[in-house]
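Summary of the model geometry
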Amino acid sequence: MSAKVIALSTNKGGVLKTSVTAHLAPIWAKQGKKVLIIDMDGQGNSAMSFGKIPKKIEDTMYDVLIDGMAAEVAIMNVYENIDLLPSNKKMRFFENDLKGPNKLLRLKNAVNHLRKEYDVILVDSPPTLGTTQGNILAFVDQVIIPFQPEPFSQLSLVEIVEGIEDIQENLNKELRILGILATLVDSRAGLHSETIQEARAYCDKKGWYMFETVIPRSIRFATELKRNGLPATISLPKHPMVQHYFELAKEIEERW
């Protein structure tokens, strides 16, 4: 067994990185795959997605990466076939407290052996291009870049791709962009349709794949999620919004 290792990465916040991560994991878990989510964001939202309270979690990614705790000690099971390496606010101090050589390889050195234990490893990232993001990109094989189709988002897209290309050149030659994913799409907004068309043309020009699947914006759906305390691919699998995640999972499988 050798896991498919995928990061949800971008330098922009609020574009559904955690939501996509948390919704994809149960789809593959229900197929019988063992899934590990690694949360590298100090907000701890991956744990919250499965009804856990981050501040009550004692052993986290910070302890693994800074204090040398074995990753297995911090792993917690959050659902059948889904494990989590959690984060909480301690992770916000990671970049300041990181000492010693090979700073961008700390994550890889700590968790690379887990590839043999899982079928899929998903890494949820913070909205930065700093040392934390560098650690993520040095470890993973593939990157999905969430992209909100609004003005100036294309600049953010260019910046994260440049960061990926830098890591490719210097630390991880096997790293590749799995695809650009449009999220928070409002089908009624002409600007969104126009921006997505522009983004597709730009991605084609650059040779980057842009997923046919898009993740719509839905305030009602977000409210339902808060009530259920589990990813909707578990709690609301027949909901029309949830079908987009199943379509995305299928499209990813066709490319990995």
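Residues numbered from 1 in each chain as written. Predicted model: local features only at pLDDT ≥ 70, side-chain atom pairs only at ≥ 80, totals over all residues. Heavy atoms only, no water.

1. Topic: the pairing of strand β4 (residues 82-85)
Applied cut-off: For every residue, the accessible area obtained with a 1.4 Å probe (protein chains only) is divided by the maximum for its type, and the residue is called buried under 20%, exposed over 50%, and partly exposed between those limits. Secondary structure elements follow DSSP: runs of H or I no shorter than four residues count as helices, runs of E no shorter than two count as strands, and numbering proceeds from the N terminus. Pairing between two strands requires that DSSP report at least two bridges joining them.
Here β4 shows two buried faces, one formed by I82 and L84 and the other by D83 and L85. Pairing analysis gives four bridges linking strand β2 (residues 35-39) to β4, with the strands arranged parallel. Within the sheet, the bridge partner assigned to L36 lies in β4 and is D83. Where strand β3 (residues 76-79) and β4 come together, three bridges link them in antiparallel fashion. Within β4, the position partnered with M76 by the bridge is L84.

2. Some points on helix α12 (residues 243-255)
The criterion, for reference: How far a helix is expected to stretch is found by multiplying one less than its residue total by 1.5 Å. Picture the helix axis, draw a direction to every C-beta atom, and the arc is the one those directions span.
Spanning 13 residues, α12 covers 19 Å between terminal C-alpha atoms, matching the ideal 18 Å at 1.5 Å per step. Buried within α12 we find Y245, L248, A249, E251 and I252. Buried residues of α12 fall within an arc of 165° about the axis and therefore sit on the same side. Facing away from the buried surface of α12 by more than 90 degrees, the exposed residues are K250 and E254.

3. Points about the pattern of salt bridges
Close approach of charged atoms lets side chains of opposite charge pair. Going by this rule: Salt-bridge detection follows one rule: a side-chain nitrogen of Lys or Arg within 4 Å of a carboxyl oxygen of Asp or Glu.
Under the counting rule described, the total for this entry stands at two salt bridges. A salt bridge links D63 to K90; the shortest N-O distance between them is 2.8 Å. You can see D63 sitting in helix α3 (residues 61-66) and its partner K90 sitting in the loop between β4 and α5 (94-97), a full 27 residues away along the chain. A relative accessible area of 9% places D63 in the buried class. Here D141 and R115 are joined by a salt bridge, their closest N and O atoms 2.9 Å apart. Separated by 26 residues along the polypeptide, D141 in the loop between α7 (131-139) and β6 (142-147) and R115 in the loop between α6 (106-111) and β5 (120-124) bring together distant segments of the chain. Judged by its relative accessible area of 15%, R115 is buried.

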